[in-house]
Amino acid sequence: MNSIYDSPTRPIVFIDTTVLCGALRSDGINRKILQAARFPHLFQPVFSKVCLFEFVRNASEGLGKGKKKVIYSADDIEGFFQAFLNPLFEHYEGLPVNSILGRYSVETILREHLAIGDVLIELSKCDPDTAQSIVETQEMSEPLSKFD
């Protein structure tokens, strides 16, 4: 055997946040990596939950620098998942993140650093005074990321 293609087992390739961010930004080599992952004879992709959450956070806060920085909406990120990642999660059984990310999870990640009162207003549609009252009586001044 003189190449990975002669091997009885295919290589395992960790897909990191940098690849995902690059694939979201442009139709370049990083998208080609994700597209190649659909062919099981080339390699087996591996995605970590932490990497996916980091990707969603980075995309929602903005990718790029200066005037070239682009902030992606939850719909943009969800569209990327639908086009490039969900087909992989469905194709390969046993991926560590199979089916954990959907629109709800993306939106939850985007809300992670909001104060709990702001999340109450958004999720329950209660008025700010009611939310403030709930927050004060329950001592909920910490950001949402501090709670389970």
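Just above sits the structure.
Description of the structure in this document. Computed from a prediction, not measured in an experiment: that's the story for all the values here.

1. Some thoughts on the overall build of the protein chain
Reasoning step 1: Each helix and strand in the protein chain was counted, giving 7 helices and 2 strands.
Reasoning step 2: Starting at the N terminus, the α and β elements of the protein chain follow one another as β-α-α-β-α-α-α-α-α.
Reasoning step 3: The proportion of buried residues among the 148 residues of the protein chain is 34%.
Reasoning step 4: For the protein chain, contacts bridging at least 24 residues in sequence account for 65% of all contacts bridging at least 6.
Reasoning step 5: When the accessible surface of the protein chain is totalled, it reaches about 9,300 Å², and 53% of it is carbon and sulfur.

2. Notes on the state of the cysteines
Reasoning step 1: In total, this model carries 0 disulfides according to the counting rule given.
Reasoning step 2: Free cysteine: cysteine 21, not disulfide-bonded; nearest cysteine sulfur from cysteine 51 at 8.1 Å.
Reasoning step 3: Using a relative accessible area of 10% as the deciding quantity, one classes cysteine 21 as buried.
Reasoning step 4: Here cysteine 51 falls in the buried class, since its relative accessible area comes to 4%.

3. Digging into the packing of helix α2 (residues 29–36) against helix α4 (residues 74–91)
Reasoning step 1: Running from amino to carboxyl end, α2 crosses α4 at an angle of 40°, the nearest separation of the two axes being 9 Å. Here α2 is positioned oblique relative to α4, judged by the angle of their axes. Note on element contacts: α4 touches α2 through Phe80, Phe84, Leu85 and Leu88, opposite Arg31, Leu34 and Gln35.
Reasoning step 2: By residue class, the composition of the contact of α2 with α4 is 5 nonpolar, 1 polar and 1 charged.

4. A look at the packing of aromatic side chains
When we look at a pair of aromatic rings, we describe it by the centre distance and by the angle of the planes.
Reasoning step 1: Inspection of the entire model under this criterion finds 4 aromatic pairs.
Reasoning step 2: Seen in terms of ring centroids, phenylalanine 47 and phenylalanine 89 are 5.4 Å apart; in terms of plane orientation they differ by 85°. Their pairing is edge-to-face. Here phenylalanine 89 lies in helix α4 and phenylalanine 47 lies in the loop between β2 (44–46) and α3 (49–61), a separation of 42 residues in the sequence. Judged on exposure class, the residue phenylalanine 47 and its partner phenylalanine 89 are both buried.
Reasoning step 3: With centroids separated by 5.2 Å and ring planes inclined at 35°, the aromatic side chains of phenylalanine 80 and phenylalanine 84 adopt a geometry described as tilted. Pair noted here: phenylalanine 80 and phenylalanine 84 are both in helix α4, with a separation of 4 residues, about one helical turn. Taken as a pair, phenylalanine 80 and phenylalanine 84 share a single burial class, namely buried.

5. Focus: the pattern of salt bridges
Reasoning step 1: In this structure the tally under the stated criterion is 1 salt bridge.
Reasoning step 2: With a shortest N-O distance of 4.0 Å, lysine 32 and aspartate 27 are connected by a salt bridge.
Reasoning step 3: For lysine 32, a relative accessible area of 44% puts it in the partly exposed group.

6. Here's the deal with α4
Reasoning step 1: Given a rise of 1.5 Å per residue, 18 residues ought to cover 26 Å, and the 24 Å separating the end C-alpha atoms of α4 matches this to within 8%.
Reasoning step 2: The sharpest bend along α4 reaches about 50° and sits at leucine 85, with the proline proline 87 one to four residues further on.
Reasoning step 3: Where α4 is concerned, the buried positions are Ala74, Ile77, Glu78, Phe80, Phe81, Phe84, Leu85, Asn86, Leu88 and Phe89.

The rules we used
Residues numbered from 1 in each chain as written. Predicted model: local features only at pLDDT ≥ 70, side-chain atom pairs only at ≥ 80, totals over all residues. Heavy atoms only, no water. Helix = DSSP H or I, 4+ residues; strand = E, 2+ residues; numbered from the N terminus. Buried < 20%, exposed > 50% of the residue type's maximum accessible area, 1.4 Å probe, protein only. Contact = heavy atoms within 4.5 Å. Areas by Shrake-Rupley, 256 points an atom, 1.4 Å probe, with all protein chains shown as cover. Disulfide = S-S within 2.5 Å. Axes fitted to C-alpha atoms, helices over the stretch in contact; angles between N-to-C directions. Parallel < 35°, antiparallel > 145°, perpendicular 65-115°, else oblique. Nonpolar A, V, L, I, M, F, W, Y, C, P; charged D, E, K, R; others polar. Phe/Tyr/Trp six-rings, centres within 6.5 Å; stacked < 30°, edge-to-face > 60°. Salt bridge = Lys/Arg side-chain N within 4 Å of Asp/Glu carboxyl O. Expected span 1.5 Å × (residues − 1). Bend = angle between axes of the 7 residues up to and from the residue.

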